[in-house]
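Spelled out from the first residue to the last, the chains are:
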Amino acid sequence: MTIFEKATREKFRYPSAKGLLTTEQLWELPLTARSGFSLDDVAKAVNAELKAVDTESFVATETNPAKATLETKLEVVKHVIAVRLMEDQAAKAAAAKKLEKEKLLAVLGRKQDAVLENLTEADLLARINNL
């Protein structure tokens, strides 16, 4: 069973400043925000819950069943963060590539204009008549 299958079957809810969020709502959150409503904040909250459950006991011999659920919840949030970071990097690379292409097209346009400027009057008239 994948982590997302487990998350949806068990209807995981994640703590946030706006209340509990579903797994699907994680995809809509910003990576970071000043408001305390971001993927980073959700990951910190789940991690804090996990650490609280993971407190070592010298008497209890069984592990807390909530620990496995919290570990899976944290893995889901970390996966969403990793995908979103890759998407952001891809978007930045695409924007840089687009900007480079625009610059190259502008230079090419200027060079083509310079070539046209250097044509003789007879060459210009011949090209006009051919259009």
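Refer to the structure presented above.
Please read these numbers as outputs of a predicted model, since none were measured by experiment. (Residues numbered from 1 in each chain as written. Predicted model: local features only at pLDDT ≥ 70, side-chain atom pairs only at ≥ 80, totals over all residues. Heavy atoms only, no water.)

Caption draft 1: The arrangement of the overall build of the protein chain in detail. Within the protein chain, the regular secondary structure consists of five helices and zero strands. Taken from N to C terminus, the helices and strands of the protein chain fall in the order α-α-α-α-α. Against the compact-globule benchmark of 14 Å for 131 residues, the protein chain has a radius of gyration of 29 Å, which places it well outside the compact range. Taken along its principal axes, the extent of the C-alpha atoms in the protein chain is 100 × 30 × 25 Å. The 131 residues of the protein chain split such that 19% are buried. For the protein chain, restricting intrachain contacts to residue pairs at least 6 apart in sequence, the fraction spanning at least 24 positions comes to 50%. Summed over its atoms, the accessible surface of the protein chain is roughly 9900 Å², and 57% of this surface lies on carbon and sulfur atoms. (Helix = DSSP H or I, 4+ residues; strand = E, 2+ residues; numbered from the N terminus. Rg over C-alpha atoms; globule rule 2.2 N^0.38 Å. Buried < 20%, exposed > 50% of the residue type's maximum accessible area, 1.4 Å probe, protein only. Contact = heavy atoms within 4.5 Å. Areas by Shrake-Rupley, 256 points an atom, 1.4 Å probe, with all protein chains shown as cover.)

Caption draft 2: A look at the environment of Leu 125. By secondary structure assignment, the location of Leu 125 is in helix H5 (residues 121-130). Between the C-alpha atom of Leu 125 and that of Ala 52, which follows or precedes it by 73 residues, the distance is 84 Å.

Caption draft 3: The arrangement of the packing of aromatic side chains in detail. Under the defined criterion, the tally for this structure stands at two aromatic pairs. Lying over the aromatic face of Tyr 14, Lys 73 brings its terminal NZ or CZ to 5.5 Å of the ring centre. (Phe/Tyr/Trp six-rings, centres within 6.5 Å; stacked < 30°, edge-to-face > 60°. Lys NZ or Arg CZ within 6 Å of the ring centre and 35° of its normal.)

Caption draft 4: Local environment of the environment of Ala 106. Of note, Ala 106 is situated in helix H4 (residues 65-117). Along the backbone, Ala 106 and Phe 4 are 102 residues apart, and their C-alpha atoms lie at a distance of 47 Å.

Caption draft 5: Local environment of the pattern of salt bridges. Applying the stated criterion across every chain yields a total of four salt bridges. Among the salt bridges present, the one from Glu 5 reaches Arg 9, with a minimum N-O distance of 3.1 Å. Taken together, the residues Glu 5 and Arg 9, both in helix H1 (residues 3-9) and four residues apart, mark about one turn of the helix. Judged by relative accessible area, which is 31%, Glu 5 ranks as partly exposed. Looking at Arg 9, the relative accessible area reads 59%, which means it is exposed. The salt bridge involving Glu 75 is made with Lys 78; its shortest N-O contact spans 3.3 Å. Here Glu 75 and its partner Lys 78 are both found in helix H4, three residues apart, which amounts to about one turn of the helix. (Salt bridge = Lys/Arg side-chain N within 4 Å of Asp/Glu carboxyl O.)

Caption draft 6: Examining a nonpolar patch on the surface more closely. Together, Leu 124, Leu 125 and Ile 128 line one region of the surface with nonpolar side chains, adding up to about 270 Å² of accessible area. You can see Ile 128 is positioned in helix H5. (Patch = residues over 30% accessible without salt bridge, like charges linked within 9 Å, V, L, I, M, F, W, Y side chains within 5 Å.)

Caption draft 7: Main features of the nonpolar core. Tyr 14, Leu 26, Leu 29, Leu 39, Val 42, Val 77 and Ile 81 are the most contacted members of the largest nonpolar core, which has 18 residues in total. Per-element tally for this core: the top contributor is H4, with six residues. Once residues lying within four places of it in the same chain are set aside, the contact partners of Tyr 14 are Ala 7, Gly 19, Leu 20, Leu 21, Thr 22, Thr 23, Leu 26, Val 42, Val 46, Lys 73, Val 76 and Val 77. (Core = buried A, V, L, I, M, F, W, Y, C linked by side-chain atoms within 4.5 Å.)

Caption draft 8: Structural context of the side chain of Lys 73. With respect to the secondary-structure elements, Lys 73 resides in helix H4. Comment: no salt bridge for buried Lys 73; closest opposite-charge side chain is Glu 49, at 4.9 Å. Each residue touching Lys 73, except ones within four places of it in the same chain, is listed here: Phe 12, Arg 13, Tyr 14 and Val 46. (Lys, Arg positive; Asp, Glu negative; His and termini not counted.)

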